[in-house]
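Each chain, letter by letter, is given below.
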Amino acid sequence: MACVVDIPMADPDDARPAGPSLLALIREDIACVRQRDPAARGQVETLLTYPGIHAVIWYRIAHGLWNSGWRFPARLLSWLGRFLSNVDIHPGARIGHRFFIDHGAGVVIGETAEVGDDVTLYHGVTLGGTSWSPGKRHPTLEDRVIVGAGAKILGPITVGAGSRVGANSVVIESTPPDVTVVGIPARVVRPQLSHRRVVGRIDLDHHLMPDPVGDAIEVLLDRVEFLEARLTHMQKRLREAGVPGRADDPAVSMSDCGGTTSLMETCNG
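No experiment lies behind these values; they were computed from the predicted model shown.

1. Observations concerning unusual backbone geometry
Geometrically, the link from Ile184 to Pro185 is a cis peptide bond, its omega value of -10° lying close to zero. Relative to the helices and strands, Pro185 is located in the loop between strand 14 (180-182) and strand 15 (187-190). Residue His103 is not a glycine yet carries a positive backbone phi of 75°. Turning to its location among the elements, His103 is positioned in the loop between strand 3 (100-101) and strand 4 (108-109). For His103, a relative accessible area of 53% puts it in the exposed group. The backbone of Arg144 sits at a positive phi, close to 65°, despite the residue not being glycine. Residue placement: Arg144 occurs in the loop between strand 8 (140-141) and strand 9 (146-147).

Quick look at the structure:
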C-alpha cells in the first residue's frame with residue numbers, strides 16, 4: 001500500500017521578497033528626523049529625547065507581533081507605548097519608511113490606517129474612522145504627505161502623494177496629489193505645482209497657504225468702497241441739479257426727488 005505523505009504547500013506570501021529588518025526601519029526613522037527638524041543635533045539625542053521616535057519604535061515592535069498573530073501582546077505593547085509617549089498607534093496600522101511625528105503628543109492612528117513613505121505628522125493629528133463596520137475605515141496617506149498640528153483626517157479616504165493638510169483642518173474627502181487643503185471641512189486652496197519645490201529635501205513650509213476667508217472679506221471691502229464712491233457721485237449730481245431737500249441724506253424718500261428718475265438713470269449709466 002502506498003503511503004500518503006503530506007507535502008506542505010508553499011505559501012504565496014513566502015515567495016515575496018523579505019522587507020527591511022525591524023532595526024533597519026528604526027534606523028531610517030531616527031535618521032530622517034535631522035532632515036525635518038533643525039533642533040535635532042544628533043542621533044543619540046534624537047533617540048533619547050524625542051517622544052515621536054519612541055512611539056514609532058514601540059509601534060514597529062508591536063506591529064511585528066501583530067503580523068505574527070500575537071494580537072494581545074501587540075495591543076499590550078501598544079498600550080505601553082501610548083502610556084509612555086502620549087501617542088496612540090494601533091499595531092494593525094501600516095506605516096511606511098522614514099515616518100516622523102514631530103513633538104509626539106496627542107497623535108492617534110487607527111487600525112486600518114495606511115501611511116506611505118516620508119510622511120510627517122505634527123502633534124494632535126488624528127487618523128480616525130467613521131464607521132462601526134469592519135474593514136477599511138481609516139484614511140490612507142500616500143508618500144510625502146505633511147499633516148499640520150491638530151488636523152483630523154476621518155474615514156476611508158486617501159490623501160494624495162505630496163499633499164499638505166493645514167493645521168486644525170478636518171479632512172473628510174479624498175484629495176488629489178500635490179495640493180494644499182485647509183478648513184472645516186477641508187477644501188483645496190492651493191492647486192498642483194503652485195508651491196515651491198525643494199530639491200532633495202522635504203518642503204516643511206506647510207504654513208504657506210492662502211487665506212480664503214480673508215480673500216472674501218477683501219473682495220467685499222473693495223465692493224463697499226466702490227458703491228460708496230458711486231453714491232457720493234450721485235449725491236453730487238443731485239445737488240447740482242437743484243433737487244429740493246438734502247441730497248446726501250439717505251432718509252430722503254423718492255417722492256422728495258420727484259422728476260429725478262431720468263437723472264438717476266443717467267448717473268447709473
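We are not done yet, so read on.
2. Side note on a negative patch on the surface
Judged by side-chain charge, Asp215, Glu218, Asp222, Glu225 and Glu228 come together as a negatively charged surface patch. Given a relative accessible area of 54%, Glu225 falls into the exposed group.

3. Topic: the packing of helix 4 (residues 51-67) against helix 5 (residues 71-85)
The contact between helix 4 and helix 5 brings their axes to 8 Å, and the two run at 175°. As far as their axial angle goes, helix 5 and helix 4 are roughly antiparallel. The segment helix 4 lies against helix 5, with Pro51, Ala55, Trp58, Ile61, Ala62, Leu65 and Trp66 engaging Arg71, Pro73, Ala74, Arg75, Leu77, Ser78, Leu80, Gly81, Leu84 and Ser85.

4. So, the sheet that holds strand 1 (residues 88-89)
Here 5 strands make up an open sheet; going across it, the order is 1-4-7-10-13 and the pairing parallel. Strands at the two margins of the open sheet, each flanked by one partner only, are strand 1 and strand 13 (170-171).

5. Focus: the sheet that holds strand 11 (residues 158-159)
Here 4 strands make up an open sheet; going across it, the order is 2-5-8-11 and the pairing parallel. The open sheet is flanked by strand 2 (94-95) and strand 11, the only strands paired with a single partner. The sheet contact formed by strand 5 (residues 114-115) and strand 8 spans 2 bridges and is parallel. Within strand 8, the residue paired with Val115 across the bridge is Leu141.

Cut-offs used in this document
Residues numbered from 1 in each chain as written. Predicted model: local features only at pLDDT ≥ 70, side-chain atom pairs only at ≥ 80, totals over all residues. Heavy atoms only, no water. Helix = DSSP H or I, 4+ residues; strand = E, 2+ residues; numbered from the N terminus. Buried < 20%, exposed > 50% of the residue type's maximum accessible area, 1.4 Å probe, protein only. Patch = residues over 30% accessible without salt bridge, like charges linked within 9 Å, V, L, I, M, F, W, Y side chains within 5 Å. Areas by Shrake-Rupley, 256 points an atom, 1.4 Å probe, with all protein chains shown as cover. Salt bridge = Lys/Arg side-chain N within 4 Å of Asp/Glu carboxyl O. Lys, Arg positive; Asp, Glu negative; His and termini not counted. Charge placed at Lys NZ, Arg CZ, Asp CG, Glu CD. Axes fitted to C-alpha atoms, helices over the stretch in contact; angles between N-to-C directions. Parallel < 35°, antiparallel > 145°, perpendicular 65-115°, else oblique. Contact = heavy atoms within 4.5 Å. Pairing = 2+ DSSP bridges.

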